[in-house]
Each structure stands twice: as structure tokens, then as C-alpha cells.
Amino acid sequence: MLHTIVLIVENRPGVLVRIAGLFSRRGFNIDSLTVGATDNPDYSRMTITVEGDEVVLEQVTKQLNKLVNVIRVSEMDPKESVDRELAIIKVAAKKEDRSEIMQIVSVFRAKIIDVSPRSLIIEVTGTNDKVEAMVRLLRQFGIKEMARTGKVSMVRGTKAVGP
Amino acid sequence: MGKMTGAQAILECLKLEGVEIIFGLPGGVLLPLYDAIYDSDIRHIIVRHEQAAAHAADGYARATGRVGVCLATSGPGATNLVTGIATAYMDSVPLVAMTGQVPTTLIGKDAFQEADITGITMPVTKHSYLVKDARDIPRIFREAFYIARTGRPGPVLIDLPRDVTVDELDFHYPDIRLPGYNPNLKVHSLQIKKAAAALMEAERPVLYVGGGVKYSDGHRELLKLAERIKAPVTTTLMGVGCFPEDNPLSLGMLGMHGTKYANYAIQEADLILAVGARFDDRVTGKVASFAPQARIIHVDVDPAEIGKNVRVDIPVVGDAKSALSELAKAVGEKPWSPWNEKVAGWKGEYPLCYATEGESIKPQCVLETLYELCPEAVIVTEVGQNQMWAAQFFTHRDPRRFISSGGLGTMGYGFPAAIGAKMGCPDKEVFDIAGDGSFQMNIQELATAVVNEVAVKVIVLNNGVLGMVRQWQDLFYEKRFSSTTLHRIPDFVKVAEAYGALGLRATEPSQLEGVLLEAIESEVMTVVDVIISPDEKVSPMVPAGASLSEILELEEAVPSREAQRAYAGSSASEILELEG
Ligand SMILES: Cc1ncc(C[n+]2csc(CCOP(=O)(O)OP(=O)(O)O)c2C)c(N)n1
Ligand SMILES: [Mg+2]
């Protein structure tokens, strides 16, 4: 099962290595990992999706909590949180395919952010499922390149995961 | 305090942390720091190999409870520390390891003697720092010592590029601000209540105690709790000494080379209270069949240990000493029970024992005799059969008087650790119970001990072989003794003498007591070469991967002297029967 964990970590060199090292050393499987700034320059925020059962999740959480540079570890309850991923996809776009591609883009409320004679770059934001669905549909035209951010996640309502 | 160089600031920090001794060896990038050490009151002991610096700091820490400090130069000096740091990490020993580093401007350029030591040691340190600015020195040192000694202790590494030891700073020792580090010391009263109720209800409780009790100084509270509820107590290798082994409730050590009665008690228990222990595979045997009938209460300061290897019914996060003290208050007095009778029966029926036929000195007898001659000794061990005999046949009664590399099982640990222990406790008799293989791994430290007049007594149980590995070949590999015979053991008496130490030898049982007495009375570094048979075994034994109930007796015959003492009087007849 996939679990989503949000970490608030100190914004210091080597922190990412400590976290990645912990996962590999203890045999935990990272599915995706994103890091970015928070509102406070002293801290960064990570979203990690990890594969495993409840026992694995508990160990991951406890081991992460032991890292001195890790300030907060929270598991995201899928029902109580929202999550988004962004992908940019360069897709082959022959003349005869263009209108169909545009249609898909509009159905997914995606955007075309670059146009050239033989290809388009599409930007899509949404849940992991939505991005997956879009990618599946675009495959028939030929995906030349794809970049995905991995998931970021946040608790609904006023509750906040902060330092 | 005004301006000072990074090197001076480092020594100021060490002084403020109460450091009295550093084990280390200099090198190019450390010249500024060593120049400051030249003016300092802190004692610096030059080792002959950096591995020994880490082990000596570790032995010092285990014997005294203070943070041990070691220092090595960049590159090879730093990498030589790694085994020692890993050893301390596995056994949760508070250590601050300082390493020299190439100047910050050269980091990442494969400079001469550059090694990414924070990267290399990341998996075996509790935390580590690469100092990039001299002004960070006070904060980093303060944090490092705090992290090393609090919560679950462990080694912290500080990597010191040459330039930060030269740069100047305004010295100010800041308060600790570590938002991501909050060791959970206070135990939850509700969990204590639950645990106490379970202990009162249990008919067949066993207390299973590890190094956490030693590190938290909880041995008195443990004794009080055990005596109130009449619970038998077994210790891990790390916990040896936390409960007096001559107490009727003591089961000695459990696990692979534990006593039969400790292992049987675990397997029959209806409740196990684990305190400061981590259910290591050498302790549990086959984990699926460990303590099959028992509910488990697990007290540990490290929440990640709870539920890591076995399922736990009542978790108690917190300091072992406070948990034990709270539990001792929360439980009522219990009477001596049929369970106590049953356990006592096992103790009588399956004592630790060893065969006494043959001409040669029995290693078990060496430890028993040493106990009788010097019961207050600090026993440090190497790794192998020597280590297990030292755990089994010396009667351990105090924490911090048995020092051994448990988690990593590092051959070569014992001798330098004994040097560190002796320097921390100069008034105690410190013995390194050694194997001929292990002793040769850090034998060069004879120079360190002799030069600094450290009167450690090394007792080499010299079987001419890598005995523990050979024992497995004997039992499980049809006596195919591949690469376990050492062929030529150096003359340890002459080696000792060459270094300026005292060398003694015992080849026959009749010489043993005299030679040990001479060693005890010696006021200098002493090596005792005790010649034993290569066929001696550590017994009993749970084969790897087997359940604790499948413990095998490899040596039958005479019960250990501790067993004989325990059963002197009422049940002496049972022992005689066994002997016959
Ligand atoms: C550094 C290291 N290398 C290898 C081993 C594997 N090992 C465990 S016990 C042992 C034999 C130790 O021989 P010795 O010191 O003579 O002790 P004995 O078992 O003979 O008492 C070996 C090689 C180890 N524990 N540590
Ligand atoms: Mg040997």
C-alpha cells in the first residue's frame, strides 16, 4: 500500500542525503519524493510516498523522527488531505492529431505551454490518478519526453503541518 | 571571552563539556588543533592506530558513563575510526569523534587525504556535522555532546576542515536549540499503570534487561522491582551486570549462548518485561517462536525500537530508570510462587557446566578463578569464545564492570577499550579477556599502555585458533577447519616484553592461580598468555535460526562454581547426581 508522509526538515546541507540514506539502509521503498521551500526560510517541506504495510509505515515514521534535522513527520490521511502533482509532457503532434490532442487538453483542464511544428508541451496539474489518465491518453500520439514533480500534499481545513 | 582561533575554541568547548581525556593521532590538517592541544590541560593520549582511539574513547565512556572523545586526521585517519564509531553506534555508546578535513576550499576536489567522512559514517552515527564556519564551533560542539549523551546515547562526528580551526571567532557558548531532537524521557503514567497491572496479574513473568538499564543507571530500581514481584531476571550481553548474578532471581544471560534456564523461562513465560533491550536476533533465536505464550511489555527510550522486531502489547516509551522506579512503586509485593520454584528447578537441573577431563587449562576455570581472586574487577572482552566465557563464568554483579562489543562484535575492541576504561577508572582492576586472534588486531596498543603507564591486564585465552568460527565448523561444517587455524601465534610473553610490558604464561592448571595472582598484583601493563585447547566449546548453544527451546548442551559434566555456590546446602545432592 502507498502512504504519503509530509516532513518539515531543517533547511541545511546534507538533510536530503540523511533521509534518502535512511530509506535505502532500512530497506524502505520510496515511490516519490519532493522537496521545496516553506514560508519560513529555515525549513523545507518534503512529501514522500512510500510503499509498505502498517508496520513498515510505523518504522519509517519513527526512524525519520529520530533524525535530528527532521522537525515534523505526519502521515497524510487520504480522506483528510488534498494532493497534487504537476507534469509537463512533450507530445508528438502531427497536423491530423492536433485537434484531438487539444480536446484532451481541454477535458483535463490542462494547458499547452509550448507549440512547435511537430510537437506540443502540455502542462497538467492534478491528483496522481488524473495525471496518469492523461498520460495514458497521450501515449497514442507518442510521448517524446515527460517530467513529473511527484506528489505534494496538505491537510484539509485549518489544521497545519508546520514546524 | 573575546577572540580566539577555531582550534582554541574547540578546546574551550571540550573544557566546558568536562572532557578530561582525548584519544587521537595527529596529521597534516590537524596541526593547528594539535598546536592548541599543546597548551591545553586536557590530556591527549596518542594511540598507535586510530581504530584504537575510537575503542579507547568507547571503553572510557562505557566504564565511566561520560562522553568519550577521539580525534583523527583527515582521509586515512578518519576512515580508521569507522569501525570504532560503528561499534559505539551498535551498542549506543556516547562518543564524540572529531576528524580533520581538508580546507573548505578544497572539499570535493579529491584533495590530498580528503575523505567524505560525514558521508561514510552517516549510517553509523547518531548525528554528524561538517563545520564550514569557525563561528559555528561553539554551537556545534555543544549540540554534539548533548546529542551524544541524551536519549538513546550514540556517537556524533564532527568534521573539522583545517581553515575553520585557524579562523578567528568571538567565543560564546550558546543555548541548545534543537527543534528536531526531543528525547522522550518521561514515561507515560497510563502505560505504567497498564504495565504494573500486567505484572501483578502474570503468573510466569520474566524481566529481560538490556544495556538501556546500564546507561540510565537503573540497576537499583531493577533490583527493587524484581524483588518486590519475585520476577526472574535475565540480561542480554549488553545488560550483563545490571542484575547481580548471585541473586536467586538471576537467570544470567539469555540467547544464543545464554543459560538453558533463562531460555526455558522465556519460552514458558506468560509475561515478558523488556527494558532497554532490542530483541536482537542473537537473543530471540527464531523470532516467530520467541516467547510464544507471553504478552510483552517493552520499555525503551527509543520509540523506534518498540515493535521493530517483535509485536509489543504494552509499549512504554521513556528512560529505563524512571520506568523501573515508577513500576516498582506501582506494583504490590508478590510471594515466592510455583513459577519461582519451577525456575529454581531448571537452575538446579541445567546449570552452566563444562567438562574437566584432560590435562589443559579450562578457559571457564580461568574466569571462575579470576572472579574468586578479584571479584570487583572490570571485565572487558574481545570477541569470540573468550567473550562468551567471560560473560558466562565470571559472576557479574555491577553494571559498567562488563564491557564488550555486542552489536557489531568487533574483534580487536577489547584491548584499546580496556585502556580507555582503565584511564577512566584508574582505581579499578581492568582485565581484557582476549582471544589470540582478537588480541593481534590491536596488539600495537601495548605501546600506548606502556608509555602512559596504564596497568591493564590482558588475559589471552590462547587456543591458537579463531575459536568461535572453528566451533561452528566443528558443529555444522563436518570439522572442515577452513582458515581458522592461525598456525603461528607470536610468543605473547616476548611481545609484551618487547613493548616494555610484563609477560606471564600459564600452560598447566597448577600454574593458573599463581599466574593470575601475579597479574593482579602487577602494577604495570601485563599480558598473561594462558594456553588452552583449540577444541574447547562455548556451551550451551542455540543454533542460528533455531528457537530458544532448541538449546543444545555441548559440554556436560561439572556445574560452574557459581551454580555450585547457589546450590550449596539444600540441593547439593542434585548437583552431585549430575556430576556422577
Ligand atoms: C573484526 C572481525 N573480524 C572477523 C570476525 C568474525 N569472528 C568472530 S569470532 C572470531 C574468532 C575470534 O578468534 P579469537 O580472538 O582467537 O577468539 P576465540 O574465539 O578463539 O576465543 C572471528 C574471526 C569478527 N567478529 N570481527
Ligand atoms: Mg583464539
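As the structure is a prediction and not an experimental result, all values here were calculated from the model. (Residues numbered from 1 in each chain as written. Chains lettered and ligands numbered in written order. Predicted model: local features only at pLDDT ≥ 70, side-chain atom pairs only at ≥ 80, totals over all residues. Heavy atoms only, no water.)

A. Inspection of the sheet that holds strand β5 (residues 95-101) of chain B at higher detail. All names here are of chain B. Strands sit in the order β3-β2-β4-β5-β7-β6 across an open sheet of 6 strands; the sheet is parallel. Only two strands of the sheet have a single partner each, and these edge strands are β3 (43-46) and β6 (127-130). For this sheet, the mean angle separating the axes of adjacent strands, direction not counted, is 20 degrees. (Pairing = 2+ DSSP bridges. Helix = DSSP H or I, 4+ residues; strand = E, 2+ residues; numbered from the N terminus. Axes fitted to C-alpha atoms, helices over the stretch in contact; angles between N-to-C directions.)

B. Spotlight on the interface of chain B and chain A. The interface of chain B with chain A comprises 19 residues on the first partner and 18 residues on the second. Taken together, both faces of the contact between chain B and chain A bury some 1,500 Å²; the carbon and sulfur share is 50%. Connecting chain B to chain A are 1 salt bridge. Note that Lys66 of chain A and Asp302 of chain B form a salt bridge whose closest N and O atoms lie 2.5 Å from each other. (Contact = heavy atoms within 4.5 Å. Buried area = accessible area lost by both parts, 1.4 Å probe. Salt bridge = Lys/Arg side-chain N within 4 Å of Asp/Glu carboxyl O.)

C. Structural view of the coordination of the magnesium ion (ligand 2). All names here are of chain B. Taken together, the protein donors to the magnesium ion (ligand 2) comprise Asp436 (OD), Asn463 (OD1) and Val465 (O), at separations of 2.1 Å. Mapping the donors of the magnesium ion (ligand 2) onto the primary sequence gives the spacing D-x26-N-x1-V. The exposure classification of Asn463 matches that of Val465, with both residues buried. (Donors = N, O, S within 2.8 Å, 3.2 Å for Na, K, Ca; no water. Buried < 20%, exposed > 50% of the residue type's maximum accessible area, 1.4 Å probe, protein only.)

D. Local environment of the packing of aromatic side chains. All names here are of chain B. In the structure shown here, the tally under the stated rule is 13 aromatic pairs over all chains. With centroids separated by 5.5 Å and ring planes inclined at 55 degrees, the aromatic side chains of Phe439 and Phe492 adopt a geometry described as tilted. Placement of the pair is Phe439 in helix α18 (residues 436-439) and Phe492 in helix α21 (residues 492-499), with a sequence separation of 53 residues. By relative accessible area, Phe492 is classed as buried at 1%. Within the aromatic cluster, the residues linked to one another by ring pairs are Tyr264, Trp339, Trp346 and Tyr350. Just above the ring of Phe481 sits the side chain of Arg470; from NZ or CZ to the centre is 3.9 Å. (Phe/Tyr/Trp six-rings, centres within 6.5 Å; stacked < 30°, edge-to-face > 60°. Lys NZ or Arg CZ within 6 Å of the ring centre and 35° of its normal.)

E. Fine view of the state of the cysteines. For the structure shown, the criterion picks out 0 disulfides over all chains. We note that Cys365 of chain B lacks a disulfide partner, and the nearest cysteine sulfur, in Cys353 of chain B, lies 14 Å from it. (Disulfide = S-S within 2.5 Å.)

F. Quick look at the site of ligand 1. All names here are of chain B. With respect to spatial proximity, 17 residues lie near ligand 1, and among them Gln385, Gly409, Gly437, Ser438 and Gly467 are the closest. In the model, a nitrogen atom of ligand 1 is placed 2.8 Å from a nitrogen or oxygen of the Gly409 main chain. The separation between an oxygen atom of ligand 1 and a polar main-chain atom of Val465 is 3.1 Å. Elements with a minimum of two residues in the shell around ligand 1: α16 (385-393), α18 and α20 (467-476). (Near = heavy atom within 4 Å. Polar contact = N/O pair within 3.5 Å; in protein donor to acceptor, adjacent residues only side chain to side chain.)

G. Fine view of the side chain of Thr526 of chain B. Residues and elements named next belong to chain B. Note that Thr526 resides in strand β21 (residues 526-531). Assessed through its relative accessible area of 0%, Thr526 is described here as buried. With sequence-adjacent residues up to four places away left out, Thr526 is seen in contact with Val456, Lys457, Val458, Leu502, Leu504 and Ala519.

H. Focus on helix α15 (residues 363-373) of chain B. Across the 11 residues that make up α15 of chain B, a large majority, 9, are buried. Turning to α15 of chain B, its buried residues are Pro363, Gln364, Cys365, Val366, Leu367, Glu368, Thr369, Leu370 and Tyr371 of chain B.

I. Region of the structure containing the confidence of the model for chain B. All names here are of chain B. In the predicted model, chain B carries a mean pLDDT of 95, and 97% of its residues have values of at least 70. For residues 569-580, every residue scores under 50 in pLDDT, and the model assigns this stretch 14 contacts once sequence neighbours within four places are set aside. Two summary scores accompany this predicted model of the complex, namely pTM at 0.95 and ipTM at 0.91. (pLDDT = per-residue confidence, 0-100.)

J. Spatial organisation of the domain arrangement of chain A. Residue and element names in this part refer to chain A. When cut into domains, chain A gives domain 1 (2-76) and domain 2 (82-152). A C-alpha centroid distance of 29 Å is found between domain 1 and domain 2. With 5 residues of domain 1 in contact, the opposing surface of domain 2 contributes 4 residues. Summing both partners gives a buried area of about 350 Å² for domain 1 against domain 2, and 56% of it is carried by carbon and sulfur. Our count for the domain 1 to domain 2 interface comes out at 0 salt bridges. (Domains from an automatic or database assignment.)

K. Focus on the domain arrangement of chain B. Residues and elements named next belong to chain B. Domain boundaries assigned for chain B yield domain 1 (3-170), domain 2 (189-349) and domain 3 (353-539 + 550-579). Of note, the centres of domain 2 and domain 3, computed from C-alpha atoms alone, are 28 Å apart. Facing the 26 residues of domain 2 at the interface are 26 residues of domain 3. Overall, the association of domain 2 and domain 3 removes approximately 2,200 Å² of surface from exposure, summing both partners, and the carbon and sulfur fraction of that is 61%. Scanning the region where domain 2 abuts domain 3 turns up 1 salt bridge. Residue Lys260 pairs with Glu553 through a salt bridge whose shortest N-O separation is 3.8 Å. Counting the contacts that link domain 2 with domain 3 gives 4 residue pairs in polar contact (both at pLDDT 80 or more).

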